[in-house]
Amino acid sequence: MSTENTANNTTNEADEATIVENPFHTARLKPKRKGKKPPKLLAIVHQSGCTGCEVCIQGCPVDSIELVPGPNPNNPQFNQTVEIDLARCIGCQNCSQDCPWETIMMYEHDDAFTAWSNETLKSELYIEESNLEEIKKKIIG
Ligand code: SF4
Ligand code: SF4
């Protein structure tokens, strides 16, 4: 993943897939992070410990924490988790302090993208580039 302002183009070392921002996610309609310099720290959800309780979402001042639905489309809240829009996180640490399960960690900006790769089990904000067309078809038809 790039270390520029947005978290474009990461390479997942395990499978060499190129990960890009999902341009169709509703988070892309939210206001962009202000300022030219990226934050010193970024928050990463260690999804294996996330219960999907949504506590962290309430305290994020820039609304950059998104729900990741569970595996059953008929009951998406079951086994849901969350993920953070790294392009919008300002590194305030609220979520890291608020999480009752201590499953959000703060990383130096340049380390955050590797941590994201290691700790993310399911993402809708960042997807494999090869899936872009498929997702586009599903959304746009
Ligand atoms: S560190 Fe702050 S801005 Fe970033 S996701 Fe957590 S609460 Fe939101
Ligand atoms: S507060 Fe912690 S456990 Fe609850 S949804 Fe957020 S990251 Fe997951």
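Look up: the structure comes first, before these words.
Residues numbered from 1 in each chain as written. Chains lettered and ligands numbered in written order. Predicted model: local features only at pLDDT ≥ 70, side-chain atom pairs only at ≥ 80, totals over all residues.

Participant: Lay out the site of ligand 1 in plain terms, naming residues and giving numbers.
Facilitator: Around ligand 1 there are 14 residues in total, and Ala43, Cys60, Cys89, Cys92 and Cys95 lie nearest to it. For the shell around ligand 1, the class distribution of residues is nine nonpolar, five polar and no charged. (Near = placed C-beta within 6 Å. Nonpolar A, V, L, I, M, F, W, Y, C, P; charged D, E, K, R; others polar.)

Participant: Can you explain the nonpolar core? Please cite residues and give values.
Facilitator: A general trend in soluble globular proteins is that nonpolar side chains are found buried together. Counting residues in each nonpolar core, the largest one holds 21 residues, and the members touching the most others are Ala43, Ile44, Cys56, Ile84, Leu86, Cys95 and Ile104. Of all elements in the fold, only strand E3 (41-45), strand E4 (65-68), strand E5 (81-84), strand E6 (104-108) and helix H3 (109-119) reach the threshold of two or more residues within this core. Looking at this core, the element that brings in the most residues is E3, giving four residues. Each residue touching Ile84, except ones within four places of it in the same chain, is listed here: Ala43, Ile44, Val45, Ser64, Ile65 and Cys89. Formed by five residues, the second largest nonpolar core is a distinct cluster that contains Ile19, Val20, Tyr126 and Ile127. (Core = buried A, V, L, I, M, F, W, Y, C linked by C-beta atoms within 7 Å. Buried ≥ 20, exposed ≤ 12 C-beta atoms within 10 Å, placed from the backbone. Helix = DSSP H or I, 4+ residues; strand = E, 2+ residues; numbered from the N terminus. Contact = placed C-beta atoms within 7 Å.)

Participant: Tell me about the site of ligand 2, and name the residues and values.
Facilitator: In the vicinity of ligand 2 there are 13 residues, among which Cys50, Cys53, Val55, Cys56 and Cys99 approach most closely. Class assignment of the residues belonging to the shell around ligand 2 gives a composition of nine nonpolar, three polar and one charged.

Participant: Can you break down unusual backbone geometry residue by residue, with the values?
Facilitator: For Glu54, which is not glycine, the phi dihedral falls at a positive 75°. As for its position among the elements, Glu54 is in the loop between E3 and helix H1 (55-58). Assessed through the 12 C-beta atoms surrounding it within 10 Å, Glu54 is described here as exposed. Here the phi dihedral of Gln93 falls at roughly 80°; this positive angle occurs in a residue that is not glycine. In this structure, Gln93 sits in the loop between E5 and helix H2 (94-98). Judged by the 13 C-beta atoms lying within 10 Å of it, Gln93 is partly exposed.

Participant: Give a detailed account of helix H4 (residues 132-140), specifying residues and quantitative values.
Facilitator: Across the nine residues of H4, zero count as buried, placing the element largely on the outside. The first or second residue beyond H4 is Gly141, which carries a positive phi of 90°.

Participant: Could you give an account of H3, with specific residues and numbers?
Facilitator: Among the residues making up H3, those that are buried are Ala112, Phe113 and Trp116. For H3, the angular spread of buried residues about the axis comes to 95°, placing them on one side. With respect to the buried face of H3, the exposed residues turned more than 90 degrees away are Asp110 and Asn118. (Arc of directions from axis to C-beta.)

Participant: How would you summarise the environment of Lys122 if you had to cite specific residues and measurements?
Facilitator: Examined against the element boundaries, Lys122 turns out to sit in the loop between H3 and strand E7 (126-128). Take Lys122: there are 13 C-beta atoms within 10 Å of it, and that puts it in the partly exposed class. Remark: the alpha-carbon pair of Lys122 and Ser48, spanning 74 residues in sequence, is separated by 10.0 Å. If we ignore the near neighbours within four places in the chain, the residues touching Lys122 are Gln47, Val68 and Thr81.

Participant: Any details on the environment of Lys34? Residues and values, ideally.
Facilitator: If you trace the backbone, Lys34 turns up in the loop between strand E2 (18-21) and E3. Between the C-alpha atoms of Lys34 and Ile90, which are 56 residues apart in sequence, the distance is 9.0 Å.

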